[in-house]
Every structure is written in structure tokens, then in C-alpha cells.
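As a plain string of letters, each chain reads:
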Amino acid sequence: MGSGIGFRGVGGFVVVLLAAVAVLVAGQSVQAAAVALVGGVAAVLLALGSGEENVAPAPADAAPALRAGLQELFDAIAEPVLLVRGGGVDLANRAARTLLGEHIVGEDVRVAIRHPAAAERLAGPDPAPSEGAIALVGVGGLDQQWEMRLGAASDGTRIVHLVDTTGARAAERMRVDFVANASHELRTPLASILGFVETLSDSAGEDPAIRTRFLRIMGDEAQRMQRLVEDLISLSRIEADKYRAPSTPIDLAALVESVCAELRDAGGARGQDLACTADVDLPPVAGDVAQLSQLLHNLAGNALKYGRAGTPVTLRLEREGTGLVRLTIADQGDGISPEHIPRLTERFYRVDAGRSRALGGTGLGLAIVKHIVERHRGRLDIASRSGEGTTVTVTLPLSQPPSQTVSQFRNGDAAGL
Ligand code: ADP
């Protein structure tokens, strides 16, 4: 091993630095550039450690202390990274050994990764930094998906970086499913409206009784489409604001009072079963008034819809600890079986689609609630017992620091609204 890093060593580092910058410029992530940088530096150091910068040396030639240091550096990278020299795996970090097996160091890289697309790429010439990554399906598990990115150091060492894309692919699938579901939900009432328009245009339209009945059905279907479009717009607006915390101080008790009054007025006989209470002197919540109103409408609306007719629906707002406010909405309906509960906030997930549609549901209400709660840095809990009813709890942070508000609050005070 030389006593210092000579001109060629410095040249190697410059090439590596340029390669990392090229990876970044080529539109890949900062993380990919960092891996290219660490991998490239490691390759140059290994070459210097072996005393031969341009010849691929045997791995054992590198000074053990240098190798151990590099190994430690590599192990700190969370994603699998391999250094490949002369077609064999020279260095593999912990994540790579966990994924591909401890035996891979020293193996032919095509045997270590065992994937036809990877083998083909690894057998080919050095890729340009801008060259697209390739997708590997099934490495490490049938449902796992990886992206293999390749870099090359000045001495011919290749840096193989595997990026886990399982989560990103699942999110993409969810997006595609969402578009398919939304189109299907819109197409059904639209097909019904078009069918009735056609029927009314011929002789059936001349009968006043038939015409009135068909027009009523068409109106209902159009309203169903309208509710769906409004919920889709709400969902996309809330998602667009996801990372912007709402900051307006909201008097939640007053909002609960006004939403309860609206639901009582609009809810017919069922509206009279709604009982709302709130602690007095509750400090404000930092929020978005339109979104919190929508949350109350959706949750109380569900409790009224799915609760048994004639049984009470209670909506209670109270302080929790020093910095939180808790909203509890309870009904005495048929309840929800435990296996459905974790999926209720998925878009278009319904326990009983026919019942939901018959009651005017869109299947988006709880997905909207979940996004509103997340944006308000709150928490949503759904508890239910089959045959007994459902309780939904939303916990939200108060907007003021606890020290300013504690004296105003008289614990246990409650006001009927
Ligand atoms: P929907 O428009 O269908 O009501 P939501 O997203 O609000 O959609 O709710 C999803 C599903 O969760 C509903 O279809 C229903 O099956 C179930 N659900 C929601 N709230 C309740 C409740 N209070 N009691 C029983 N089931 C409920």
C-alpha cells in the first residue's frame, strides 16, 4: 500500500465525484447520488489499498483495516449496495446480505442476484448515469419489487444499488384502482339516466304518471352523481393541502352546535335523535372550519344513517388532558365486524355496498374524515361491537399552549347544545 494518495488516487476521487454529480443531474435521487459517491470512493480506496489502481485486484489484497472501515461505512446504508469487481461481489453491505444471503461475497454477481434482467444488464457495458434503472420483481420475496441502479467507478468497479419500490408500486396500484372505482361509481348512475332519457323520448314519455316516476328516479341518480363529484373534489382539495397545517383558531363547541342544529333541521324524524354536548370554555383548535364542519357532518351523518331508527346518536366534545380535545360520536346501530374496521377509511370501501348506496352513501365519507384528521395532526379511532353500535373518536390538538388556557377551563362542565 502506498504511503499517501497519489495523483491517480486523487484523479479517481474526482471521477467518482463527477459520477455522483452526473447521477444527480440525470434526475435520480440525492440518495442514489450519495450511494454512487460512497460506492465510488470505496472502489478507489480498495484499489489504492491493493496498490494497483487500474488492475482489478483480488479482494483479499486490500488492507484488512481499510476493508473493515469501508464495510462499516457500507453497512450504514439502509438499502442494499454491492461493489462488483471482475464480475464477482467484492463487498456487500448488511442490507444486501440480508436480502440475498450471507454467501454472496465472492460469488459471481449474476448468481448472487439471480434475476435474468439483472444478469443481462450486469453482463453488458458500463451504463451511462442517465441510463434507466431496471425493475426486479420477486427478489427476496414474491411480492417484493426492486429497482436496480448501476454505477461504475474509474477502475471498472461497478456499484449495484437496489432500491425498494414495493411501497411506491402499491401506491401506484391504489391510484389506478381509485380511478377505476371512481369511473365505475359515476358510470352506474349515468347509464341509468341515459336509459331513462331514451325511454322518455319514445311513447312512454307521453304517460304523465310514468314520466313523473322516471323524472324522479333520474333526479335521484343525478343527485347521487353530484354527491360523488363533491366528495371527489373535497378529497382532492384536502389531499392538496395535506402538508399545510391549518392555523385559524376555531371554536369547535360553536361549530358542533351549528352542525347539530343543521342536522336536526335536515334529518327529519332521525334528526331528533341527535344529542350534542360540549364542555364549556374549551380553548380553540387550530383548524380549517370548512373541513372540520365536513368531518362533523360525515361522522354524525353516518351515525344517523347506520344507527337503528329511534335510538339516540350522541355527539360529545370534551377536553382531554391539557392540550387535546376529544370528539366522540356514538350510535346504537348494527355495528361493524372487526375485520372491516381497519379498511373503513379506504376510498370506496363499504361493509354493505347496497345499503350504503340506498342510504345515499358515496363510500368516501370516512376517507375524507381520515385526511382531515391527519391534516389537523389529530387521531381517529373507530370502535364497534356487532349488534350494539359504533363509537368514533377524534382527538385534536388545541391551538394554544396549555399554560395559557388551563385557568379558563372548568373541568367536568358540560353544556347541552
Ligand atoms: P358511506 O358513504 O358508504 O357511508 P363511509 O366512508 O362514510 O361511506 O363509510 C364506509 C363504510 O363504513 C360504510 O359504507 C359503512 O359500511 C361503514 N360505516 C361507517 N360508519 C358506520 C356506522 N356508524 N355504523 C356502521 N357502519 C358504518
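Here's what I pulled together on the structure shown here. The numbering scheme is per chain: residues are counted from 1 as the chain's sequence reads. Predicted model: local features are reported for residues with pLDDT of at least 70 only, side-chain atom pairs are reported and counted for 80 or more only, and whole-chain, interface and lining totals are derived from all residues. Side-chain metrics rest on all non-hydrogen atoms present in the structure, leaving aside hydrogens and water.

Brief notes about the overall build of the protein chain
No. 1: Under the DSSP-based scheme used, a helix requires at least four consecutive residues in state H or I and a strand at least two consecutive residues in state E, with every element numbered from the N terminus. Of regular secondary structure, the protein chain possesses 14 helices and 13 strands.
No. 2: Exposure is judged per residue with a 1.4 Å probe applied to protein chains only, and the accessible area is read against the type maximum: over 50% gives exposed, under 20% gives buried, and values in between give partly exposed. Counting all 417 residues of the protein chain, 43% fall into the buried class.
No. 3: Residues are treated as being in contact if the distance between any of their heavy atoms lies within 4.5 Å. By sequence separation, contacts in the protein chain at least 24 residues apart represent 62% of the contacts at least 6 residues apart.
No. 4: Here the Shrake-Rupley method, with its probe set to 1.4 Å, supplies the accessible areas, and only the displayed protein chains count as covering residues. Per element, the accessible surface of the protein chain, about 21,100 Å² overall, is 57% carbon and sulfur.

As for the pairing of strand β4 (residues 145-152)
No. 1: Most of β4 sits out of view: seven of its eight residues are buried.
No. 2: When strand β3 (residues 134-137) meets β4, the two strands line up antiparallel, connected through four bridges. For Ala135, the partnering residue across the bridge sits in β4 and is Glu147.
No. 3: Between β4 and strand β5 (residues 158-164), which pair antiparallel and follow one another directly, the connecting turn spans five residues, one of which, Gly156, has a positive phi of 95°. Strand pairing follows a simple DSSP-based rule, namely that at least 2 bridges must link the two strands.

A closer look at unusual backbone geometry
The bulk of non-glycine residues show a negative phi, and the bulk of peptide bonds are trans.
No. 1: Residue Arg114 is not a glycine yet carries a positive backbone phi of 50°.
No. 2: Assignment of secondary structure puts Arg114 in the loop between α5 (109-113) and α6 (116-123).
No. 3: Note on Arg114: relative accessible area 64%, which makes it exposed.
No. 4: Backbone geometry at Phe348 places phi at a positive 70°, although glycine is not the residue there.

A word on the site of the ligand
No. 1: For each residue, the test is whether any non-hydrogen atom lies within 4 Å of the molecule or strand; if one does, the residue is near. As a matter of local geometry, the ligand sits amid 17 residues, with Asn302, Tyr306, Ser356, Thr362 and Leu366 nearest to it.
No. 2: Throughout this description, a polar contact denotes any pair of N or O atoms lying within 3.5 Å of each other; where both atoms belong to protein, one of them has to be capable of donating a hydrogen while the other can accept it, and for residues adjacent in sequence the pair is counted only when both atoms sit in side chains. Between the ligand and Tyr306 there is a distance of 2.7 Å, counted from an oxygen atom to a side-chain nitrogen or oxygen.
No. 3: Take Thr390: an N or O atom from its side chain is 3.4 Å from a nitrogen atom of the ligand.
No. 4: Out of a free accessible area of 530 Å², the ligand has 95% covered by protein chains.

Remarks on the nonpolar core
No. 1: Put simply, a nonpolar core is a bunch of buried Ala, Val, Leu, Ile, Met, Phe, Trp, Tyr and Cys residues held in one set by side-chain atoms that sit within 4.5 Å of each other. In this structure, Leu295, Leu317 and Leu327 are the most contacted members of the largest nonpolar core, which totals 48 residues.
No. 2: Domain assignment of the residues forming this core places at least three in each of domain 2 (165-240) and domain 3 (244-417).
No. 3: Ala92, Leu100, Met148 and Val160 belong to the second-largest nonpolar core, a separate cluster that totals 21 residues. An automatic or database domain assignment provides the domain bounds reported here.

Notes on the state of the cysteines
No. 1: Two cysteine sulfur atoms make up a disulfide if the distance between them is within 2.5 Å. This model, assessed by the stated rule, comprises one disulfide.
No. 2: Put simply, Cys260 and Cys276 are joined by a disulfide, and their sulfur atoms are 1.9 Å apart. On the S-S bond that ties Cys260 to Cys276, the torsion sits near -90°, and the link is left-handed. In this pair, Cys260 sits in helix α9 (residues 252-266) while Cys276 sits in strand β7 (residues 274-278), placing the two residues 16 residues apart along the sequence.
No. 3: Take Cys260: its relative accessible area is 1%, and that puts it in the buried class.
No. 4: Here Cys276 falls in the buried class, since its relative accessible area comes to 4%.

Structural notes on the packing of helix α7 (residues 166-201) against helix α8 (residues 208-240)
The relative placement of two packed helices is expressed as an angle between their axes plus a distance between the axes.
No. 1: Every angle, taken between N-to-C directions, lies between 0 and 180 degrees, and every axis is a line fitted to C-alpha atoms, over only the stretch in contact when it is a helix. Two elements in contact, α7 and α8, have axes whose closest approach is 9 Å; the angle formed by their N-to-C orientations is 160°. Put simply, α7 runs roughly antiparallel to α8. Our pair here, α7 against α8, has a crossing hand that is left-handed.
No. 2: Polarity classes work like this: nonpolar for Ala, Val, Leu, Ile, Met, Phe, Trp, Tyr, Cys and Pro, charged for Asp, Glu, Lys and Arg, and polar for all others, with Gly in that last group. When the residues that make up the contact of α7 with α8 are grouped by side-chain class, the tally is 19 nonpolar, three polar and four charged. Roughly parallel refers to an angle under 35 degrees, roughly antiparallel to one over 145, roughly perpendicular to one between 65 and 115, and oblique to any angle outside these ranges. Crossings are classed by handedness, with left-handed meaning an anticlockwise turn of the near helix from the far one by less than a right angle and right-handed meaning a clockwise turn.

Considering the packing of helix α11 (residues 289-306) against helix α13 (residues 365-375)
No. 1: Running from N to C, α11 and α13 cross one another at 140°; their axes reach a closest spacing of 9 Å. Relative to α13, the element α11 lies oblique. Remark: the crossing between α11 and α13 carries left-handed chirality. In this structure, α11 uses Gln291, Leu292, Gln294, Leu295, Asn298, Leu299 and Asn302 to contact α13, whose residues at the interface are Gly365, Leu366, Ile368, Val369, Ile372, Val373 and Arg375.
No. 2: Within the contact of α11 with α13, the residues separate by chemical class into eight nonpolar, five polar and one charged.

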